[in-house]
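# Working through the structure, step by step
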Amino acid sequence: MLRRTLLLICCTFSLFSLAAQEKIHELEEVTISDRSLAQIIKKVYSQLNRKIKAQSYPYPNFYGNARYEKIVESKGKAIQFDRDYGLFLTTGNVKHAEWDIQYAFNFYPVYSAYSFRLSNSGKDTLKFHYLTGGANYNKNFNSNSRKIFTAMRALTLYGPLFTSPSYYTYKLIDNSNNTYTIAFSPKKKYYLKKIRTLAYGTLQIDKQDLHLKSMQLEDFTYHHHSLVRKFNNHAQSPFSSRMNVRFSYEGENCYIHTCYLETHWEYPKNELYKAIEVASRPYPDRNKIVEKEAWQVENIDSFPHESDEIFRKSTIVVYGSYAEEVFKTPSLLTAAPQAIQDLNQYMDIEKQYRLFNYPGIWNDHTFDERVPYQAHLQRVPFTRILIQKLFKEPIQNHEIY
């Protein structure tokens, strides 16, 4: 009896010791120097949550030069490669309202290098550059679609650190090189109730100033971000996305400096997803469509508000001219060399650039059938004024058409 009692006491003490060690280990994981992980998250969130005051009309607060690129692949082979260099205007990270109507992000390409829009087989060009509004959702497409701007906005509204810390789980995974590396995942019970994105990945925070440096989203579901009514969150999204982001600061305002977005179309579109995003080619799941997009800001300044009414009268439907010297810089996309090799099989890529792109701020390729042609033309002069006033021209003595 005495022997059993001693054994029981020993076992209990051993279990208590193991539990205590485990508890200490957990504390060590979340305590960094004189700050806890919770304190770090709270501090960074408080910095990022300083939303810019919205205006009655979404006039821009910032502008600058930027680059945008896009590659479309079908069954592993490139069928489109676009490069733009131009002027962007944005309100910045204003608070979300219904349909996000008080937020604005406009990009005006001044220079463009576009390949032909090849069919899924890569053996011919598309007869039309887009087909939207049809009853067959999987047949609808838009070769000019750009998902990266929607994804960036969704991230700064509902992504980790941009919304309440209680909506995500955070775990410190590295504490070296003057950087905190933290893994994050969403708490699904808040999806569509408090947050309209699902983001899984890692992020990096600078130890000195606690500025957000970068983020890697291995899985990012974002297409509900601007909708008013709720959708069934059990419906299968027709595509998956991953995104890498680097951040910079202008004063106290954090903005996305570079971004890479990769979209894989995996399933047919269904009733719930018919109007949220459109693929760059018809029947995207069947043709294994992959869209790779990149964005890079070169400079950023405060928008001169004496130009507000010029902005209001301008059109975003603009088209850049091709200038070889502008596109001698390396591509933002690592897949570019292979894409050029694939597209060269149809026609030399430089020849495609010159045939597809020609001088002029207006071009048939970007005509939007939902807005009357004359309405666009009446707005073009105001867009030209904005570009002449704000765009930092990389080519001396170049005329803006």
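Residues numbered from 1 in each chain as written. Predicted model: local features only at pLDDT ≥ 70, side-chain atom pairs only at ≥ 80, totals over all residues. Heavy atoms only, no water.

## Describing the overall build of the protein chain
The criterion, for reference: Runs of E in the DSSP output that reach at least two residues are strands. Runs of H or I that reach at least four are helices, and both are numbered from the N terminus. We call a residue buried when its accessible area falls under 20% of the maximum for its residue type, exposed when it is over 50%, and partly exposed in between, using a 1.4 Å probe and counting protein chains only. Every residue pair with non-hydrogen atoms within 4.5 Å of one another is taken to be in contact. Methods summary: accessible areas were calculated by the Shrake-Rupley approach with a probe of 1.4 Å, and residue burial reflects only the protein chains presented.
When you go through the protein chain residue by residue, the secondary structure sums to seven helices and 15 strands. Counting only residues that meet the buried cut, the protein chain has 50% of its 401 residues in that class. Taking as baseline every contact in the protein chain between residues at least 6 positions apart, the subset at least 24 positions apart corresponds to 72%. Carbon and sulfur atoms make up 53% of the accessible area of the protein chain, which amounts to about 20200 Å² in all.

## Considering empty space enclosed by the protein
Here is the rule we go by: Only protein atoms enter the calculation, which uses a 1 Å grid: trapped sets of points that fit a 1.4 Å probe without letting it out are cavities, open sets showing protein on both sides within 12 Å along at least five of seven lines are pockets, and any residue with an atom within 4 Å of a point is a lining residue. Grid points are joined across faces, edges and corners, and a volume is the space filled by probe spheres set on the points.
If you walk through the whole model with that rule in mind, you get three cavities of 30 Å³ or more. The volume enclosed by the largest cavity comes to roughly 470 Å³. Along the walls of the largest cavity sit 26 residues, with Gly92, Asn93, Cys254, Tyr255 and Ile256 positioned nearest its centre. When residues of the lining of the largest cavity are traced back to their parent elements, those giving at least two are α2 (37-48), β4 (77-90), α3 (148-158), β13 (253-265) and β14 (289-297).

## Brief notes about the pairing of strand β8 (residues 168-174)
The line we're drawing: Here, any two strands with at least 2 DSSP bridges between them count as paired.
Bridge analysis of β8 against strand β9 (residues 179-186) gives six bridges, and the strand direction is antiparallel. Note on β9: the bridge partner recorded for Leu172 is Ile182. Between the antiparallel neighbours β8 and β9 lie four residues, among them Asn177 with a positive phi of about 55 degrees.

## Some details on the packing of aromatic side chains
For the record, the criterion: Working definition: rings of Phe, Tyr and Trp (its six-membered ring) pair if their centres are within 6.5 Å, and the pair is stacked with planes under 30 degrees apart, edge-to-face with planes over 60 apart, and tilted otherwise.
On inspection of all chains with the given rule, the structure shows 22 aromatic pairs. Look at Phe107 and Phe149: their rings are 6.4 Å apart centre to centre, the planes differ by 45 degrees, and that puts the pair in the tilted class. Here Phe149 lies in helix α3 and Phe107 lies in strand β5 (residues 105-114), a separation of 42 residues in the sequence. Of the two residues, Phe107 and Phe149, both sit in the buried class.

## Quick look at unusual backbone geometry
We note that Leu161 has phi near 75 degrees; this positive angle belongs to a residue other than glycine. Mapping Leu161 onto the fold places it in the loop between α3 and β8. For Leu161, a relative accessible area of 0% puts it in the buried group. Backbone geometry places Leu192, a non-glycine residue, at a positive phi of 70 degrees.

## As for the environment of Gly159
Within the element layout of this structure, Gly159 appears in the loop between α3 and β8. Gly159 sits in the buried class, given a relative accessible area of 0%. Once residues within four sequence positions are removed from consideration, Gly159 is found in contact with Ala154, Tyr168 and Thr197.

## Structural notes on helix α5 (residues 336-344)
Put simply, the rule is: As used here, the arc is the angular range of directions from the helix axis to the C-beta atoms.
Residues of α5 that are buried include every one of Ala336, Ala339, Asp342 and Leu343, and no others. Considered in projection along α5, the buried side chains sweep an arc of 120 degrees and stay on one side of the axis. Those residues of α5 that are buried lie in contact with β3 (62-74), β4 and α6 (349-356).

## Structural notes on the pattern of salt bridges
Stated precisely, the cut-off is as follows: Put simply, a salt bridge is a Lys or Arg side-chain nitrogen that is within 4 Å of an Asp or Glu carboxyl oxygen.
Counting across every chain of the model gives 11 salt bridges. Among the ionic pairs, Glu298 bridges to Arg67, the shortest N-O distance being 3.2 Å. Within this pair, whereas Glu298 is found in the loop between β14 and β15 (301-302), its partner Arg67 is found in strand β3, the two being separated by 231 residues in sequence. Between Asp84 and Arg146 there is a salt bridge, and its shortest N-O distance comes to 2.5 Å. One end of the pair, Asp84, is in strand β4; the other, Arg146, is in the loop between β7 (141-142) and α3, with 62 residues separating them in the sequence.

## What to know about the nonpolar core
Just so we agree on the cut-off: Note on terminology: a nonpolar core comprises buried Ala, Val, Leu, Ile, Met, Phe, Trp, Tyr and Cys residues joined through side-chain atoms within 4.5 Å.
Core analysis: the biggest nonpolar cluster contains 94 residues, and Ile205 and Trp295 have the highest contact counts within it. Looking at which element gives the most residues to this core, the answer is α3, with eight residues.

Honestly, that's just the spatial picture; any functional story needs more than this.
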